Amino acid sequence: MILCWTLSSSSVSCDAGSQQIGFLLGSCGVTVALTSDACHKGLPKSPTGEIPQFKGWPKLLWFVTESKHLSKPPRDWFPHIKDANNDTAYIEYKTCKDGSVLGVTVTRIALLTHCQALTQACGYTEAETIVNVLDFKKDVGLWHGILTSVMNMMHVISIPYSLMKVNPLSWIQKVCQYKAKVACVKSRDMHWALVAHRDQRDINLSSLRMLIVADGANPWSISSCDAFLNVFQSKGLRQEVICPCASSPEALTVAIRRPTDDSNQPPGRGVLSMHGLTYGVIRVDSEEKLSVLTVQDVGLVMPGAIMCSVKPDGIPQLCKTDEIGELCVCAIATGTSYYGLSGMTKNTFEVFPMTSSGGPITEYPFIRTGLLGFIGPGGLVFVIGKMDGLMVVSGRRHNADDIVATALAVEPMKFVYRGRIAVFSVSVLHDERIVIVAEQRPDSTEEDSFQWMSRVLQAIDSIHQVGVYCLALVPANTLPKTPLGGIHLSETKQLFLEGSLHPCNVLMCPHTCVTNLPKPRQKQPEIGPASVMVGNLVSGKRIAQASGRDLGQIEDNDQARKFLFLSEVLQWRAQTTPDHVLYTLLNCRGTIANSLTCVQLHKRAEKIAVMLMERGHLQDGDHVALVYPPGIDLIAAFYGCLYAGCVPITVRPPHPQNIATTLPTVKMIVEVSRSACLMTTQLICKLLRSREAAAAVDVRTWPPVLDTDDLPKKRPAQIYKPSNPETLAYLDFSVSTTGMLAGVKMSHAATSAFCRSIKLQCELYPSREVAICLDPYCGLGFVLWCLCSVYSGHQSILIPPSELETNPALWLLAVSQYKVRDTFCSYSVMELCTKGLGSQTESLKARGLDLSRVRTCVVVAEERPRIALTQSFSKLFKDLGLHPRAVSTSLGCRVNLAICLQGTSGPDPTTVYVDMRALRHDRVRLVERGSPHSLPLMESGKVSTERRVKHIFYGHFFLSCCLLEQ
């Protein structure tokens, strides 16, 4: 079988969706492919010169149709001219929303009638010149540039897409050169011509009588039309020349605006409320508002056709005059079927619109065009979107093109690579959720991109009143492409569902769009959770497992993730953002005691590294104890050890008023860790050698003590770089409440992965300010105090908890003064504020204390949440603007510091009540609030990124385990 197939050769082997096209070719029985010499040379070939069979494609005989490959026909040969009957003339392919490819059959009579209708509507005459920028193998480019032009013996100038990418003004230049009467373009061609326009004096568009805008069905094409007219009206372009049209593969040309000589007759235009459109109704609104959609007409229905509007869902019932529906056409000049798909053909090509009484309006079938719109005054057709781009979220209809236009309105040239944005919906909890994927410009920074994403979410929420489930930025030129370079939507959606997009920036807001969450942990009337748990154990099922999201692969756009070691991240920040402030230390009066920029921290770390090597004579891998009060010196000493290749151990200094009980702990950590050196300040150095210290421990057994108050001015010859990411980075020592000393080894790989996990969970970026009121010696408090700012680049406002003994309001005043949105504290800090400020809320309010900007206040702990304390804290400072949902807790242990952590986009923490009697038997039984023997348990945030939490049944109890995957 030989079939004339209108297919782009570039989509044969390299473009997304080529297998679907090959499947359609096989179902159509295609055995011969006609192509040009240039396309034939571009196809992949075997060593013998044969073209291989492509995946999913039938075996084809490739035939080059250029004259040098053809023999001259005999003189007595004449082509066989068939009648215009119902035989198939050609098949045009269509890509559906799910990525499948369908073939639309066009009969000979429909082909001829369509050409005649276009000739009448456009007023084509013999010898006219037409400039065609569109793809001449399908849609409007085929109908005008090949079929109708041959019928009317017109001169066609085709401009390939490859030339348009090099010179966007080429089509305008050809119009001027040949004084063309007609031009077929898309709104994108008009837009890029405006971008490349340089006020050329030789442009004259007065010869144009018709500028066909092929994508006039896109309501946002009106902006390109208006802008193009404003610029080129002085070059001879007339307003009545611009003729938008609407088309579809099934109905061919649906409507087109006729050229007219009356310049006083303005085109049809309407300003519609976007909120009303989401409910499928037409409401005229004011043009000054942002939440409106300005639409232009696409002309009248084609000659010989009848059009109506039916409801897009359910029975095809006629719409009322103020309702939006799917446009349906009854005409000869349309497609007839989907090739080989009789069921789908019946639903699309054999539609009988019904009246309100239930009877059909005519005995002739209509064809669904796939276009959403309405018929306005004077029979003008208005299109507001396509069925393929329709997303029904919570019962309201949103169009993907509208979401794209809103996103592009937020400074797209600075962040989006060539305006490449894809919008689609995914099903989550029995409803559709909106996902936006855009290609990020290579020169955009992570901070700027995050700010742009935040503005896009705000714009979509205010204009469309709908939440975005996920906004992802991927590196440039990584999304699947169509043959002409556009984004292949279905392939992009598939990559998103498979988790294979590998975005460089992600902003997920499920709490703003997932509003149909099931009620949490309701009491079961018959079978309780404990019974289900035991039944699953008996049947051998794995239960009680939760996983955090995967970190994914390392992308090139995130510079911090390119480095395996924190020391490298600090060096990179010192070079790229030297004056960016990483740490700010506050004293008891709330003023800045000290601060560190990236370059200041880098230089101090270099000096400390020189001191360790020259004065301490330390080697790679030696352990160094850091005995510092909470502050900047501790941070600089830590990175100085990393620069020198030493392993730091942070140790809480002895209390000056209680040396007898606190100094032995310091000595024990130094000895157990086998520290070769001890670094501290001059004040603590004197304290370690005092009489009180000699009475508590043997001061002669201290390792060499280095005073970092007097640092050398030299720089190290080179900064140490570990040979393996699995080598030891630091030791985390802590003493339990029972007096047991435990030390945890942290490798460089684990440290970087942990910092990256916290960054993603808490959305930490260089523009953020985080207030930290924690002890910086072990656990999550040490990581937040010393490590996270260097990795994520945010500014940490450090508040030593000991300063709250003098000024209990210091922490809250700092949060209010610096307008902090995220803060971390401990239960002791929260308890101190609750007890010390309980009667001072009015005076604090008079001093201007405002906590309304706080988004997350996370209590760092390794225990069950103290619900009474957190609720008292929330109620006490509610009058100062603190929202109860902002207060949450984290959960960690010695070997995994942040199993669960409440992120910035998490839902409200949930509280459940369990039976204490069942807990004594290692069982879980949910009860109602206020029940006897009930115990409240509060949720400790979400499982952190790249973690899996399991409950393991072991003997008579359940053991909770958390695995951190490197």
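In this text, all values refer to a predicted model and were calculated from it rather than measured experimentally.

### Regarding the overall build of the protein
Here comes step 1: The helix and strand tally for the protein stands at 29 helices and 45 strands.
Here comes step 2: Buried residues in the protein amount to 52% of all 966 residues.
Here comes step 3: In the protein, 72% of the contacts between residues at least 6 apart in sequence involve partners at least 24 apart.

### Some details on the confidence of the model for the protein
Here comes step 1: When pLDDT is averaged along the protein, the result is 84; 88% of the residues meet or exceed 70.
Here comes step 2: Per-element confidence in the protein is highest for strand β7 (residues 182-185), whose mean pLDDT is 96, and lowest for strand β45 (residues 957-964), whose mean pLDDT is 35.
Here comes step 3: Counting contacts from residues 1-11, a segment whose pLDDT is below 50, to residues more than four positions away or on other chains yields 36 contacts.
Here comes step 4: Overall, residues 553-557 carries pLDDT values under 50, and its contacts beyond four positions in sequence, including any with other chains, amount to 16 contacts.

### Some thoughts on the packing of aromatic side chains
Here comes step 1: Tallying each qualifying case throughout the model produces 14 aromatic pairs.
Here comes step 2: With a centroid separation of 6.0 Å and 75 degrees between ring planes, the pair formed by Phe-54 and Trp-57 is classed as edge-to-face. Residue Phe-54 shares its accessibility class with Trp-57, and that shared class is buried.
Here comes step 3: Here the aromatic rings of Phe-424 and Phe-496 are separated by 5.8 Å at their centres, their planes lie at 70 degrees, and the arrangement is edge-to-face. Here Phe-496 lies in helix α14 (residues 489-498) and Phe-424 lies in strand β21 (residues 416-427), a separation of 72 residues in the sequence. No difference in accessibility class separates Phe-424 from Phe-496, as the two residues are buried.
Here comes step 4: Counting every residue linked through ring pairs, the aromatic cluster contains Phe-638, Tyr-639, Tyr-730 and Phe-782.

### Topic: the packing of helix α19 (residues 632-644) against helix α24 (residues 779-792)
Here comes step 1: Here α19 crosses α24 at 60 degrees, and the two axes come no closer than 11 Å. Between α19 and α24 lies a crossing of right-handed hand. The residues of α24 that touch α19, namely those facing Leu-634, Ile-635, Phe-638 and Tyr-639, are Phe-782, Trp-785, Cys-786, Leu-787 and Val-790.
Here comes step 2: Residues of the contact of α19 with α24, tallied by class, amount to nine nonpolar, no polar and no charged.

### What to know about the pattern of salt bridges
Here comes step 1: Applying the stated criterion across every chain, the model contains 27 salt bridges.
Here comes step 2: Between Glu-614 and Lys-714 there is a salt bridge, with the nearest N and O atoms lying 2.7 Å from each other. With Glu-614 in helix α18 (residues 598-614) and Lys-714 in the loop between β31 (705-707) and β32 (728-735), this residue pair connects regions lying 100 residues apart in the sequence.
Here comes step 3: Among the residues examined, Glu-614 registers a relative accessible area of 38% and is labelled partly exposed.
Here comes step 4: Of the charged contacts, one joins Glu-831 and Lys-835 as a salt bridge, the two residues approaching to 3.0 Å between their closest N and O atoms. Separated by four residues within a single helix, Glu-831 and Lys-835 lie in helix α26 (residues 827-836), roughly one turn from each other.
Here comes step 5: With relative accessibility at 29%, the residue Glu-831 sits in the partly exposed group.
Here comes step 6: Through salt bridges with shared partners, a single ionic network connects Glu-763, Arg-768, Asp-822 and Arg-855.

### Overview of empty space enclosed by the protein
Here comes step 1: Applying the stated criterion across every chain, the model contains five cavities of 30 Å³ or more.
Here comes step 2: Taken as a whole, the largest cavity spans an internal volume of roughly 150 Å³.
Here comes step 3: As for the largest cavity, its lining consists of 14 residues, of which Leu-277, Ile-384, Arg-397, Asn-399 and Asp-402 are closest to the centre.
Here comes step 4: Residues of the lining of the largest cavity, tallied by class, amount to seven nonpolar, five polar and two charged.

### Some thoughts on the sheet that holds β21
Here comes step 1: Read across the sheet, four strands follow the order β21-β22-β23-β24 without closing on themselves; strand pairing throughout is mixed. Where the open sheet ends on each side, the last strands, each with one partner, are β21 and β24 (505-508). Across the sheet, the mean angle from the axis of one strand to that of its neighbour is 15 degrees, orientation sign disregarded.
Here comes step 2: One ladder, built from eight bridges, connects β21 with strand β22 (residues 432-440); its direction is antiparallel. The partner of Ile-421 across the bridge, within β22, is Ala-438.

### What about the side chain of Lys-94?
Here comes step 1: Within the fold, Lys-94 resides in strand β3 (residues 88-95).
Here comes step 2: Taking the relative accessible area as the measure of exposure, Lys-94 reaches 16% and is therefore buried.
Here comes step 3: Side-chain polar atoms of Lys-94 contact the side chain of Glu-250, separated by 2.6 Å.
Here comes step 4: Not counting residues within four places of it along the chain, the set of residues in contact with Lys-94 comprises Ser-100, Val-101, Leu-102, Pro-249, Glu-250, Tyr-338 and Asp-388.

### Here's the deal with the side chain of Ser-673
Here comes step 1: Looking at the secondary structure, you find Ser-673 in the loop between α20 (659-672) and β30 (675-680).
Here comes step 2: Of the residues examined, Ser-673 reaches a relative accessible area of 3% and is grouped as buried.
Here comes step 3: From its side chain, Ser-673 meets the backbone oxygen of Val-670 in a polar contact 3.2 Å long.
Here comes step 4: Sequence-distant contacts of Ser-673, defined by excluding residues within four places in its chain, comprise His-623, Ile-649, Leu-731 and Phe-733.

### As for the pairing of strand β29 (residues 647-651)
Here comes step 1: Counting buried residues along β29, five of its five residues qualify, which places the element largely inside the surrounding structure.
Here comes step 2: Alternating positions in β29 separate into two faces, Val-647, Ile-649 and Val-651 on one and Pro-648 and Thr-650 on the other, with burial throughout.
Here comes step 3: Sheet analysis places strand β28 (residues 623-627) next to β29, joined by five bridges and oriented parallel. Opposite Leu-626, over in β29, you have Thr-650 as the bridge partner.

### Here's the deal with the packing of helix α7 (residues 187-196) against helix α8 (residues 221-232)
Two measures define how a pair of helices packs: the angle their axes make with one another and the distance between the axes.
Here comes step 1: Packing of α7 against α8 leaves a shortest axis separation of 9 Å and a crossing angle of 40 degrees. Judged by the inter-axis angle, α7 sits oblique to α8. As for the relative orientation of α7 and α8, their crossing is left-handed in sense. Two secondary-structure elements touch here, α7 through Ser-187, Met-190, His-191, Ala-193 and Leu-194 and α8 through Ser-221, Ser-224, Cys-225, Ala-227, Phe-228, Val-231 and Phe-232.
Here comes step 2: Classifying every residue of the contact of α7 with α8 gives eight nonpolar, four polar and no charged.

### Points about the environment of Asn-505
Here comes step 1: The residue Asn-505 is located in strand β24 in this model.
Here comes step 2: Taking the C-alpha atoms as reference points, Asn-505 and Met-453, separated by 52 residues in sequence, lie 9.1 Å from one another.
Here comes step 3: Leave out the neighbours within four places in its chain, and Asn-505 touches Gln-440, Glu-446, Ser-449, Met-453, Leu-471, Ala-472 and Leu-473.
Here comes step 4: A distance of 2.9 Å separates a polar atom in the side chain of Asn-505 from a polar atom in the side chain of Gln-440.

### Regarding the sheet that holds strand β13 (residues 300-301)
Here comes step 1: An order of β6-β5-β7-β8-β9-β10-β13 is seen for the seven strands of this open sheet, with the pairing classed as mixed. Both edges of this open sheet fall to β6 (155-158) and β13, since each of them pairs with a single strand only.
Here comes step 2: Here strand β9 (residues 242-248) runs beside strand β10 (residues 252-256); their pairing, made up of four bridges, is antiparallel. Bridge pairing links Ser-248 to Leu-252 in β10.
Here comes step 3: The strands touched by helix α6 (residues 170-178) are β5 (129-132), β6, β7 and β8 (210-213); relative to β5, the strand with the most contacts, the crossing angle is about 170 degrees.

### Considerations on unusual backbone geometry
Both trends apply: most residues other than glycine have a negative phi, and most peptide bonds are in trans.
Here comes step 1: A positive phi angle, near 60 degrees, is found at His-430, a position not held by glycine.
Here comes step 2: A positive phi is found at His-502, a non-glycine position, where the angle reads about 55 degrees.
Here comes step 3: As for its position among the elements, His-502 is in the loop between α14 and β24.

### Focus: the nonpolar core
Here comes step 1: In this structure, Tyr-583, Leu-601, Leu-612, Tyr-639, Met-679, Val-783 and Leu-787 are the most contacted members of the largest nonpolar core, which totals 65 residues.
Here comes step 2: Listed in part, the 35 residues of the second largest apolar core include Leu-586, Cys-833, Ala-861 and Val-887.

Calculation rules
- Residues numbered from 1 in each chain as written.
- Predicted model: local features only at pLDDT ≥ 70, side-chain atom pairs only at ≥ 80, totals over all residues.
- Heavy atoms only, no water.
- Helix = DSSP H or I, 4+ residues; strand = E, 2+ residues; numbered from the N terminus.
- Buried < 20%, exposed > 50% of the residue type's maximum accessible area, 1.4 Å probe, protein only.
- Contact = heavy atoms within 4.5 Å.
- pLDDT = per-residue confidence, 0-100.
- Phe/Tyr/Trp six-rings, centres within 6.5 Å; stacked < 30°, edge-to-face > 60°.
- Axes fitted to C-alpha atoms, helices over the stretch in contact; angles between N-to-C directions.
- Left-handed = near helix turned anticlockwise from the far one by under 90°.
- Nonpolar A, V, L, I, M, F, W, Y, C, P; charged D, E, K, R; others polar.
- Salt bridge = Lys/Arg side-chain N within 4 Å of Asp/Glu carboxyl O.
- 1 Å grid on protein atoms, 1.4 Å probe; cavity = no way out; pocket = protein on both sides within 12 Å on 5 of 7 lines; lining within 4 Å.
- Points joined across faces, edges and corners; volume = space filled by probe spheres on them.
- Pairing = 2+ DSSP bridges.
- Polar contact = N/O pair within 3.5 Å; in protein donor to acceptor, adjacent residues only side chain to side chain.
- Parallel < 35°, antiparallel > 145°, perpendicular 65-115°, else oblique.
- Core = buried A, V, L, I, M, F, W, Y, C linked by side-chain atoms within 4.5 Å.

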